[in-house]
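Chain and residue survey
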Amino acid sequence: MKFTCPSCNDLVRDFVLRPKKESYKWYELSSTALFCPYCGAELEMERKSERWALLVLPLFVYLPLTLVLPLDNPAVLATKYLVWPLALLGMLMLYLKRRIVVVDPPSS
Ligand SMILES: [Zn+2]
């Protein structure tokens, strides 16, 4: 899969994952970020597109219920016909709507 870098418009096969800083103080947690291998811009997945993942949450409530309730219970039927399709829609839209945005443009 190829992405277009929003900073330099090059087609990038794999973004580089590396630490955000050279060194950390003892009280800081280390963190990594995505970088473009060509222009060095710091990138991240757009937060707005991650909201589609919320559609998966009802599954965590209803799926345990289907294990303890009888099969003809309305909650089990709702899981089958409503909660599963919503979760699948959420995962599909999360995949389709993902966008990469520039956090820190390269210094030149
Ligand atoms: Zn780039």
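The notes below deal with the structure included here.

Rules of the game
Residues numbered from 1 in each chain as written. Predicted model: local features only at pLDDT ≥ 70, side-chain atom pairs only at ≥ 80, totals over all residues. Helix = DSSP H or I, 4+ residues; strand = E, 2+ residues; numbered from the N terminus. Rg over C-alpha atoms; globule rule 2.2 N^0.38 Å. Buried ≥ 20, exposed ≤ 12 C-beta atoms within 10 Å, placed from the backbone. Contact = placed C-beta atoms within 7 Å. Pairing = 2+ DSSP bridges. Axes fitted to C-alpha atoms, helices over the stretch in contact; angles between N-to-C directions. Expected span 1.5 Å × (residues − 1). Bend = angle between axes of the 7 residues up to and from the residue. Parallel < 35°, antiparallel > 145°, perpendicular 65-115°, else oblique. Left-handed = near helix turned anticlockwise from the far one by under 90°. Nonpolar A, V, L, I, M, F, W, Y, C, P; charged D, E, K, R; others polar.

1. Brief notes about the overall build of the chain
Summing up its helical and strand segments, the chain has 2 helices and 6 strands in all. Of the regular secondary structure in the chain, the N- to C-terminal order runs β-β-β-β-β-α-α-β. In terms of overall dimensions, the chain is more spread out than a globule: its C-alpha atoms have a radius of gyration of 20 Å, far above the 13 Å expected for 108 residues. By principal-axis analysis of the C-alpha atoms, the chain measures approximately 65 × 40 × 20 Å. Here the chain holds 108 residues, and the buried ones make up 6% of them. Once local pairs closer than 6 in sequence are excluded, the contacts in the chain between residues at least 24 apart make up 62%.

2. Focus on the sheet that holds strand 5 (residues 42-45)
Spatially, 4 strands are ordered 3-4-5-6 in an open sheet, and the strand pairing comes out antiparallel. Only two strands of the sheet have a single neighbouring strand rather than two, namely strand 3 (16-19) and strand 6 (100-104). Ignoring which end each strand starts from, the neighbouring axes of this sheet average 50° apart. As judged from the 4 bridges shared by strand 5 and strand 6, these two strands associate in the antiparallel manner. When the bridges of strand 6 are listed, Glu-44 appears paired with Val-101.

3. What to know about helix 2 (residues 74-96)
Count 3.6 residues to each turn of an α-helix, and residues three or four apart come out pointing the same way. Taking 1.5 Å per residue, 23 residues should reach 33 Å; helix 2 reaches 32 Å between its end C-alpha atoms and fits that length. The largest bend in helix 2 amounts to roughly 40° and is located at Lys-80. Among all positions in helix 2, only Thr-79, Val-83 and Ala-87 are buried. Buried residues belonging to helix 2 abut helix 1 (57-68).

4. A word on unusual backbone geometry
Positive phi outside glycine occurs at Asn-9, with the angle close to 60°. With respect to the helices and strands, the residue Asn-9 is situated in the loop between strand 1 (3-4) and strand 2 (11-12).

5. Structural notes on the packing of helix 1 against helix 2
Contact pair helix 1 / helix 2: the axes reach a minimum separation of 10 Å and the direction vectors enclose 150°. The angle between helix 1 and helix 2 falls in the class roughly antiparallel. With respect to the hand of their crossing, helix 1 and helix 2 are arranged in left-handed fashion. For the pair helix 1 and helix 2, contact is made by Pro-58, Leu-59, Tyr-62, Leu-63, Leu-65 and Thr-66 and by Ala-75, Val-76, Ala-78, Thr-79, Val-83, Leu-86 and Ala-87, respectively. Looking at the contact of helix 1 with helix 2 residue by residue, the class counts come to 11 nonpolar, 2 polar and no charged.

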